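Structural features, examined
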Amino acid sequence: MFMKNDVRCLRGLGSARYIVVGLTEEYLSQISYYTGIRLLLEKGAIRLFRELPKYHGLELGIQELNDFCIKNKLGKWSGFFLYTAWYKETIFIGYVSTNTGDEYFVKIFKNQDYAKKEGENLKLLKTMYGRWFVIPEVKSIYKKLMVLNFIKKKRNTNVKDAFTLLVKATKSRIFIVEETVRAEHVLNRMSACIQIFNSIGYGLDRLKRMLCSIDSMILSTCNEYKVMNMHGDMTPWNMYPVTLGKIALVDAERVQIRSVYSDFLHFIVQPASTISNSKVAANDFVQKLKDSFHLTDDYSIAMFAIYLMEELIMDANDVKCKRSSDILVRAMRCKLEWLGDTLQL
């Protein structure tokens, strides 16, 4: 369905790599995580490779897309695909247009189980946030390929609009939560990661003092806390406006049970944690949580600390499984510093 000479391979910013089959760079904005000035920089950074790069079975993924189009009699297809080192379970994502006039958003995963898992997570995501956000629908899962309906971006995400919508959704969802977990559970898991945190340059003495402070400060304020299914990677780059007043929410790889304010906190924390020499203070996040949901000072601190521990535990597991990157390590260090600052260490 496509010839090798139809394929162009482009290098973007950082680890971003684009595979273009019969399309032009105008489709970059539909799949890139960058917006605004960063998107312009990305367009300027793109350079041509000489051959198809081999990233975790990229050619096999495109072949599965070929097989899908043949099976469903969609005719010849064109596509624009993105690979980046940020991906853990995914090989690439992309936009596909067929001769029959159909448009799709596609993801190729590293194995078939990952594809099935995300398909289930997207259905769950719709029950969680479908009242407030537009959630892509799974059209088909074929081997390691997941095909979704294509929701076109209308413009760059307005962070204030997305923030307001997320606060509204969080308030409504918290109202129905009944499940709780003991805070000591997350502390025990945090304690098990201490050597990994030390391996990225965080001192053992400070880590031990941090764990003692969590035990004395956080557990006394919040012995139990509410949990529910959360998106897990709620960030501005996983949202985009699609129609007037509507925002799409994508990427369901990290859907899982988390503390009830974790999506809200991730939305404001994660972008700051990936910036070199971030100047945002821990108290800024705590204050925003307190003001948005009218919480007490102590409870806001406890919820922020629990969110940071949840994140650090998952990040530590990525380091342990050799799925880390410079950006991940930078984010971990930021979160450890914010956790220490929150505990006044």
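Everything below is about the structure printed above this text.
Residues numbered from 1 in each chain as written. Predicted model: local features only at pLDDT ≥ 70, side-chain atom pairs only at ≥ 80, totals over all residues. Heavy atoms only, no water.

Quick notes on unusual backbone geometry
- One non-glycine residue, K73, adopts positive backbone phi at about 55°.
- Residue position: K73 is located in the loop between helix 3 (58-71) and strand 4 (77-83). (Helix = DSSP H or I, 4+ residues; strand = E, 2+ residues; numbered from the N terminus.)

Thoughts on the sheet that holds strand 9 (residues 180-182)
- With respect to topology, three strands assemble into an open sheet ordered 9-10-13, the strand pairing being antiparallel. Among the strands making up the open sheet, the edge pair consists of strand 9 and strand 13 (256-259). Sheet twist, expressed as the average angle between the axes of neighbouring strands with direction ignored, equals 45°.
- As paired strands, strand 10 (residues 224-230) and strand 13 are joined by four bridges and run antiparallel to one another. Counted as the bridge partner of N229 is I257 from strand 13. (Pairing = 2+ DSSP bridges. Axes fitted to C-alpha atoms, helices over the stretch in contact; angles between N-to-C directions.)

A few points about the environment of T221
- Take T221: it is sitting in helix 8 (residues 204-221).
- For the pair T221 and R206, spaced 15 residues apart in the sequence, the C-alpha separation amounts to 22 Å.
- Sequence-distant contacts of T221, defined by excluding residues within four places in its chain, comprise D298, Y299 and A302. (Contact = heavy atoms within 4.5 Å.)

Overview of the packing of helix 8 against helix 12 (residues 326-342)
- The contact between helix 8 and helix 12 brings their axes to 10 Å, and the two run at 50°. Regarding the angle of helix 8 to helix 12, the classification is oblique. By crossing handedness, the relation of helix 8 to helix 12 is classed as left-handed. Contacts between helix 8 and helix 12 involve R206, L207, M210, I214 and M217 on the former and, on the latter, L336, E337, L339, G340, D341 and T342.
- Grouping the constituent residues of the contact of helix 8 with helix 12 by class yields six nonpolar, two polar and three charged. (Parallel < 35°, antiparallel > 145°, perpendicular 65-115°, else oblique. Left-handed = near helix turned anticlockwise from the far one by under 90°. Nonpolar A, V, L, I, M, F, W, Y, C, P; charged D, E, K, R; others polar.)

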